[in-house]
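Fold and geometry: a report
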Amino acid sequence: MGRLLRSRPFEPATARSFPTQMLKRVALFAIVALYTAFAAGPFVWVATMSVRTTSEISLDHYAWPAKWHWEKFAQAWFNSNYNVYFENSLLVVASAVAVLTVVGSMAAHCFARYRFPANRVLYFVIFSTIIFPPQITIIALFQILVQYGLYDSLVGLALVYVAVQLPLTVYVLESFFARIPGDLFDAARIDGYSEWLIFWKVSLPIALPAIATAVILNTILLWNEFLYAVVLITDESRRTLPLGIQRFMGDQLEDVGMIATGLMIAIVPVVLIYMFFSEKLIQGMTAGAVK
Amino acid sequence: MAKVSLRRLSKRFPSASAPAVDAVDLDVAHGEFMVLLGPSGCGKSTTLRMIAGLESITAGELAIDGQRVNDVPAKDRDIAMVFQSYALYPHMTVFDNLAFGLRRRNFRSTEIERRVRDVADTLGLSALLARKPYALSGGQRQRVALGRAIVRDPKVFLFDEPLSNLDAALRVGMRGELIKLHHRLGATMIYVTHDQVEAMTMGDRICIMNGGKVVQIGGPLDVYRDPVDTFVAGFLGSPPTNLLPGKFDADRLVIGDNGLPIERRDVPENVIFGIRPEDVTIGGDGAHARGEVLAVEPLGAETIVRFRLSGVVQDVLVRGPRTVAARVGESVPLTFDLRSAHLFDPATLHRIV
Amino acid sequence: MASLVSRPTGVRAGAATRVDRQPWSAIVLFLLPAFTVYTALTAYPVLRTLWNSVHTVLPHSARFAGIANYAALVHDDIFWRSVRNTFIWSCVSPVAEVSIGLLLALALYARIPGRRFLRIAWFTPVLMSYVVVGIIWVWIYNYDWGAANAILRAIGLGRYVQAWIGDPRIALPSLIFVTTWMWTGFNMVVLLAAMHSLPSEVLEAAELDNCGWTAKLWHVVIPLIRPTILNLVVLSFIGKMKIFDLVWITTKGGPLWSTETVSTYLYKRAFEWSTFDLGYPSTIAAVWFVIVLAGVFALTWLFRQRERLEF
């Protein structure tokens, strides 16, 4: 079982001189540190600003918070409607992701496990829409929602979100479903399970990791979604979080402190998910890009 | 060709409690075909990789042609290796795969051309030079991997279980090819395998390893006939040596309910009696034991019969001739060739006689 | 046992029952919800947009317009400006994002300490909403107190301070910089995964073939991750062709159309300008749709892997 040890890059015997090694490592380190500051810096900055009042910020934009004004979060939440935006986002995203998971896994299971003439064609039809620019559907979606009275409603938005994320969901799940060994299905059939039960009791439980990945992925992408929301929602009381934040940009004439707090409210759920599920999330978002 | 010396060579991985390779002493002579044999995880591959320079050496000395090479990078050791998975460059043609090492060493292109074509001819790859690895069969890929090593004309050839990924028929053929290759090139070759048939047929000498340590070094027949302990006795040969517990009683060795006329001479009272299946005859005069037939496995050229000796827990395997007149359930006399038998100390598992 | 014929395993592991005994009702049941959604909210809208494009679509009526919209499009300067901007974005971004991502991946591949943390840290910009990112960068680009100019002043390069998104000449590059900031981490993670999936024995063989670090990278690693690199380029291209959120938050297409993209222009014509005609924007959408598809096909064909890279 020495093979197991070989999956890491090996450390061969080297005879390189110490100084050049040192120099290379220092240079590498410097680049890494610089880039980390570059990537993470903006967020740290926003985080500090979120707990400082706007007047404090105006004095010095880059100072470390002297006093941590945690009450700003409460202010943003209750006084600036962030609670409404947050709730709306939560509702829309949760329902859309739930529907997506069920509908997507049903389709993925079918594509992966049944051989029928139209299988590949239908799969391609759904999968190819990943390339479509949203512009091709957005105007018509607007018209359709207006026509059916779903314009400016969370229900309408959620439905649109389901359609938008369906191709990706089916794609992520299909490859996983396909890898489940067929013997399990054969055994279940012999035991007399109906096709639906096989889906519920065999496919879904085994595919839980992929489903979890799809759920996390969809949650984050839809939580951050802006274009469809801005087109299909206008009423203040139904805005999702991205819309709510955007409103403040023009609205409060650069109440930088409050906006920063609002940004943090939007960022925190994502960061939490990321902290707990970083591996899954990274894998999910990058799946399929690796060939 | 060159000689390779290992002195107390050790490798300890950072997270492991026990060393993967523990103080290995080994001398490989000029032009010798040395086989490192042992079960999975015994440290043979790690040892090979240390010789190649792909693993750093924790302790001990490694010398090639008398020069210490512990800190010499792999590429400067003038060593070529054939990997178990062939490790061909997937994006290069066969020609480029063979030529790559030479190009990296700034050989003249005429020289490269000559060498590659020579080797391709020898290995029957001439028609495949423009193909990429994905278009080759397993056996062809193996030959390209071999060719890549030969073309370098190195001091030492290293093989890391190169035949394990081939199917049985191909394996037998390649074994012959490698033996012929060794005779022709006369190069020093170190070969790692867990297959004792390969070891026996190909090696000038075999170094048997277990648990990171060297157990025995010797020529194939020497190791076969005179195993140093029960591990070697049980590892070489298929079916393996029968190892039965015995106790001396006056002038007999009692195994179960059977007694063998063996003199006790400076040996402990309890011993392990070892005898190879081919050294037991069914029937014969002067039967040493009676065995009840449990199973008869006809192999075509011979038959393996499984016996139960009364009073003995383990089954005894016996190699019989093509047809054996024994049926399951019969009780049959067995004769042991006592000159080829061994006694092992049950405490140390070492051979005593 | 020679008479036993092994069962063909089919296209994928455990491909199911034979065609004639397919559980058709189950298949339809499984696919129905997905395809209902797809048809109603994706396929039909596409068709409707195409229909719109040959009509003048007013709030309560629609008049057939033939190719009038398409003809008007040809002369629409703003449209072509936005196409130019979007194309510049889609061509520059992949190059920048993937090459920098590659360099970063190489740095982590070299096993520097803290790489697990770094991998997670460098990935974070990808997770944030474009809204959040947009606002932060508007602040960074602020002329008076934004970080960009503040840093320049702090290191003595004060004469280089700019109105990063207020100056038509550099607004677009400034935005391209932002998307690069966002997506480089993503590319890095993907490339790193690709590198780690390379068989270590091939790299060892290269080591024995007299390859140092750079030689290994050039001759082995990069050729073998070429398919992944291509994938990332295509992904980046598609992403930039669609871009809306970032522009909307930061510059809304200004100043002076310098950052106008096709999607912002379309949005304005459909929902902001008081023309009330949805036909013309639909034309824009239709034309753009074709251009995007063509672009993707061209890219994939251009960089296609001519043979399989099995390993």
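Residues numbered from 1 in each chain as written. Chains lettered and ligands numbered in written order. Predicted model: local features only at pLDDT ≥ 70, side-chain atom pairs only at ≥ 80, totals over all residues.

**Regarding the overall build of chain A**
- Counting secondary structure elements, chain A contains 13 helices and zero strands.
- Sequence-ordered secondary structure for chain A, helices as α and strands as β, is α-α-α-α-α-α-α-α-α-α-α-α-α.
- The C-alpha radius of gyration of chain A comes to 25 Å, more than 25% above the 19 Å expected for a compact globule of 291 residues.
- For the C-alpha atoms alone, the extent of chain A along its principal axes is close to 75 × 75 × 35 Å.
- Within chain A, the proportion of its 291 residues that are buried is 43%.
- Taking the contacts inside chain A whose residues are at least 6 apart along the sequence as the reference set, 78% of them involve residues at least 24 apart. (Helix = DSSP H or I, 4+ residues; strand = E, 2+ residues; numbered from the N terminus. Rg over C-alpha atoms; globule rule 2.2 N^0.38 Å. Buried ≥ 20, exposed ≤ 12 C-beta atoms within 10 Å, placed from the backbone. Contact = placed C-beta atoms within 7 Å.)

**What to know about the overall build of chain C**
- Of the regular secondary structure elements, chain C holds 13 helices and two strands.
- Taking 311 residues into account, the globule formula puts the C-alpha radius of gyration at 19 Å, and chain C, at 25 Å, lies well above it.
- Out of the 311 residues belonging to chain C, those deemed buried represent 44%.
- Considering only residue pairs separated by 6 or more positions, chain C has 70% of its internal contacts joining residues 24 or more positions apart.

**Brief notes about the pairing of strand β10 (residues 213-218) of chain B**
All names here are of chain B.
- Bridge count between strand β9 (residues 205-210) and β10: five bridges; the pairing is antiparallel. Each bridged residue has a counterpart across the sheet, and for Met209 the counterpart in β10 is Val214.
- Hairpin remark: β9 followed by β10, antiparallel, with two residues in the connecting loop; positive phi at Gly211, about 60°. (Pairing = 2+ DSSP bridges.)

**Remarks on the interface of chain C and chain B**
- Each side of the interface is counted separately: chain C has 19 residues, and chain B has 19 residues.
- Contributions of two or more residues to the side of chain C that touches chain B are made by α8 (200-208) and α9 (213-224) of chain C.
- Broken down by element, the residue count for the side of chain C that touches chain B peaks at six residues, all from α8 of chain C.

**Comments concerning unusual backbone geometry**
All names here are of chain B.
- Cis geometry marks the peptide bond from Ser238 to Pro239, where omega comes out at 0°.
- Along the chain, Pro239 turns up in the loop between α8 (230-235) and β11 (242-249).
- For Arg8, which is not glycine, the phi torsion reads 50° and is therefore positive.
- Structurally, Arg8 can be placed in strand β1 (residues 4-11).
- Positive phi, close to 50°, is recorded for Ala23, a residue that is not glycine.

**Digging into the sheet that holds strand β6 (residues 79-82) of chain B**
Residues and elements named next belong to chain B.
- What the six strands build is an open sheet, ordered β6-β7-β8-β3-β9-β10; its pairing is mixed. Of all the strands in the sheet, the pair left with one neighbour each is β6 and β10. Each adjacent strand pair in this sheet contributes to an overall mean axis angle of 20°, direction not counted. (Axes fitted to C-alpha atoms, helices over the stretch in contact; angles between N-to-C directions.)

**Digging into the interface of chain C and chain A**
- Residue-level contacts link 81 residues of chain C with 77 residues of chain A.
- Tallying contributions element by element places helix α1 (residues 24-53) of chain C first for the side of chain C that touches chain A, with 15 residues.
- The residue inventory of the side of chain C that touches chain A, partitioned by class, reads 60 nonpolar, 14 polar and seven charged. (Nonpolar A, V, L, I, M, F, W, Y, C, P; charged D, E, K, R; others polar.)

**Some points on the confidence of the model for chain A**
Residue and element names in this part refer to chain A.
- In this model, chain A carries a mean pLDDT of 83, and residues with pLDDT of at least 70 account for 91%.
- The spread of mean pLDDT over the elements of chain A runs between helix α12 (residues 241-251), the lowest at 78, and helix α4 (residues 82-113), the highest at 92.
- With pLDDT under 50 throughout, residues 1-11 is counted as low confidence; its partners more than four residues away or in other chains account for 15 contacts. (pLDDT = per-residue confidence, 0-100.)

**Observations regarding the sheet that holds strand β15 (residues 280-282) of chain B**
Residues and elements named next belong to chain B.
- One open sheet holds the five strands; their spatial order is β15-β19-β16-β17-β18, and the pairing between them is antiparallel. The strands lining the two open edges of the sheet, one partner per strand, are β15 and β18 (315-320). On average, each strand axis in the sheet is inclined to that of its neighbour by 45°, with strand direction left out of account.

**Regarding the pairing of strand β16 (residues 289-298) of chain B**
All names here are of chain B.
- Sheet topology places β16 next to strand β19 (residues 331-336); four bridges connect them, and they run antiparallel. For Gly291, the partnering residue across the bridge sits in β19 and is Val332.
- The turn linking β16 back onto strand β17 (residues 303-309) is made up of four residues, and Gly300 within it adopts a positive phi angle of 100°.

**Examining the domain arrangement of chain A**
- Each assigned domain of chain A is listed with its residue range as follows: domain 1 (2-49) and domain 2 (81-289).
- The distance between the C-alpha centroids of domain 1 of chain A and domain 2 of chain A comes to 35 Å. (Domains from an automatic or database assignment.)

**Remarks on the packing of helix α6 (residues 135-147) of chain A against helix α13 (residues 279-302) of chain C**
- At their nearest, the axes of α6 of chain A and α13 of chain C sit 8 Å apart, and the two run at 150° to each other. Considered as vectors, α6 of chain A and α13 of chain C are oriented roughly antiparallel to each other. α6 of chain A and α13 of chain C meet at a crossing whose hand is left-handed. Between α6 of chain A and α13 of chain C, the residues in contact are Gln135, Ile136 and Ile139 of chain A and Pro281, Ser282, Ala285, Trp288 and Phe289 of chain C, respectively.
- For the contact of α6 of chain A with α13 of chain C, the per-class residue count stands at six nonpolar, two polar and no charged. (Parallel < 35°, antiparallel > 145°, perpendicular 65-115°, else oblique. Left-handed = near helix turned anticlockwise from the far one by under 90°.)

**Section: the environment of Arg290 of chain B**
All names here are of chain B.
- Following the sequence through the fold, Arg290 ends up in strand β16.
- For Arg290, a count of 15 C-beta atoms within 10 Å translates into the label partly exposed.
- Between the C-alpha atom of Arg290 and that of Asp76, which follows or precedes it by 214 residues, the distance is 62 Å.
- Residues contacting Arg290, with those up to four places away along its chain left out, are Asn258, Ser310, Ser331, Val332 and Pro333.

**Focus on the environment of Lys240 of chain C**
Residues and elements named next belong to chain C.
- Looking at the secondary structure, you find Lys240 in helix α10 (residues 226-241).
- Residue classification places Lys240 among the buried positions, given that 22 C-beta atoms sit within 10 Å.
- If near-sequence neighbours (up to four positions away) are discounted, Lys240 is found in contact with Trp89, Ser90, Ser93 and Thr179.

**Some words on the confidence of the model for chain C**
Residues and elements named next belong to chain C.
- A residue-level look at chain C finds 91% of positions with pLDDT of 70 or above and a mean pLDDT of 84.
- By mean pLDDT, the top-scoring element of chain C is helix α3 (residues 77-109) (91), and the lowest-scoring one is helix α4 (residues 115-127) (82).
- Taken together, the stretch residues 1-19 has pLDDT below 50 and engages in 19 contacts with residues farther than four places along the chain or on a different chain.
- The ipTM, which scores confidence in the relative placement of chains, is 0.82 for this predicted complex, and the corresponding pTM is 0.80.

**Quick look at the environment of Val97 of chain A**
All names here are of chain A.
- Relative to the helices and strands, Val97 is located in helix α4.
- Note: C-alpha distance between Val97 and Leu28 (69 residues apart in sequence) is 42 Å.
- Not counting the four nearest positions on each side in its chain, Val97 is found in contact with Val215, Asn218, Thr219 and Leu222.

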